[in-house]
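# Structural description and commentary
Residues per chain are reported as follows:
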Amino acid sequence: MQRYLNCLAFLTFAILAFHAGRADAALVLCADSIAGIEFSLAVAEDNAQDDDIRIVSGTYSLTTPLQFTSFEGRALSISGGWNSNCSAQTNNATVLDGQGILKQLTIFQGTYTSLATVRVQGISFVDGLAVAGSYGGALWISGTSSVVIELNRFYLNRAEDGAGAAYVIANGSIYLRNNLFFGNRANHDAGVWLDSVSPAYIVSNTFVANTSATAQDAGALYVLVNATTRVAISDNILWNNNANGVVDMRIENAHALLYNNDIGSWAGPIAALGSTGNLSVDPHFASCSGFFCFNFDLAANSPLLNAGRDTPPGGLTVTDLSHGARIVGAHVDIGAYERD
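What you are looking at is a predicted structure, and each value in this text was computed from that prediction instead of being measured.

Overall, parallel pairing links the 8 strands, which are arranged β5-β8-β12-β16-β20-β24-β27-β30 in an open sheet. Both outer strands of the open sheet, β5 (66-70) and β30 (266-267), are each paired with one neighbouring strand and no more. As judged from the 5 bridges shared by strand β24 (residues 218-225) and strand β27 (residues 247-252), these two strands associate in the parallel manner. Bridging across to β27, Val-223 finds its partner in Ile-251.

Here you go:
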């Protein structure tokens, strides 16, 4: 740890506060540089407490991967979109750019305890690469008790093997909520690969134009669980992820509960008894102009407006991906965006 202290002269790094009430409450760390993010992760690995790493809005073009490895069994939160002193989240993006040469973020939490939840929120992962033998083009999380991935964007990441955007293997529950996955690609299962022995909750995500090179793989979402694990998939759009004959979604082993999704095609066991409200229709995304049309808001005539489940297993996020109210109108909209 001493070797990092010599870097303080050029690190923009601040310990903002201990939360009141408990000596072991989460330590808040603020970073507005790549070196600051690296230092924050190093501090969080072995400080014997929960950690809340906040990254100031901006684009961070990485030349080395961001990595976290710990055996403490404590909670870790990494979030983006913060103002200059990390006192408030803004609508401005925090972009982790892999520049087509590296995976942006790797997290290993090696002790299974109820405290060891990992949360990743409010970050745009762009142009990441997982080379052969490594899964997850932008994000790799393993060994934790529970994982929460919400309100992130994954654009144009690639894996030479599997999971073009994100790979998660957890001993506890997985919550994948209100994220956008666009243009990610892989040789196998191009979007997200989730592997869990505990319940998985997949809520209000939008998967569009993710591509797998292997026929009958999942272009958007692959979920691997044991035969007794509960998987609940609600309010998602999985559309046009079918390059090379792959399906949009593949579930292995579990009979998944499917509520109010729009799914182009899927494979695996039949939907569990009680599944309802699912569609397979063109989402009718709103038109946009310019090269970077990556939001996928719903058009005024979309059949997905007010068509979601308001109380899905795993819960809704407070806001949609544009930081607006998550429910506007009679019911929540399907997908990551709520039409105002």
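From this point, the narrative continues.
As a further point, take unusual backbone geometry. Although it is not a glycine, Ser-204 sits at a positive phi angle of roughly 60 degrees. A positive phi angle, close to 60 degrees, is found at Ala-209, a residue other than glycine. Summarising the element assignment, Ala-209 is placed in the loop between β22 (206-208) and β23 (211-212). When its relative accessible area of 24% is taken as the criterion, Ala-209 is described as partly exposed.

Under the criterion given, the structure shown has 1 disulfide. The disulfide bridge from Cys-30 ends at Cys-86, spanning 2.0 Å between sulfur atoms. Classification of the bridge connecting Cys-30 and Cys-86 rests on its S-S torsion, roughly 70 degrees, and on that basis the disulfide is right-handed. Placement of the pair is Cys-30 in strand β2 (residues 27-31) and Cys-86 in the loop between β6 (76-82) and β7 (94-97), with a sequence separation of 56 residues. There is no split in this pair, since Cys-30 and Cys-86 are both buried.

Cut-offs applied
- Residues numbered from 1 in each chain as written.
- Predicted model: local features only at pLDDT ≥ 70, side-chain atom pairs only at ≥ 80, totals over all residues.
- Heavy atoms only, no water.
- Pairing = 2+ DSSP bridges.
- Helix = DSSP H or I, 4+ residues; strand = E, 2+ residues; numbered from the N terminus.
- Buried < 20%, exposed > 50% of the residue type's maximum accessible area, 1.4 Å probe, protein only.
- Disulfide = S-S within 2.5 Å.

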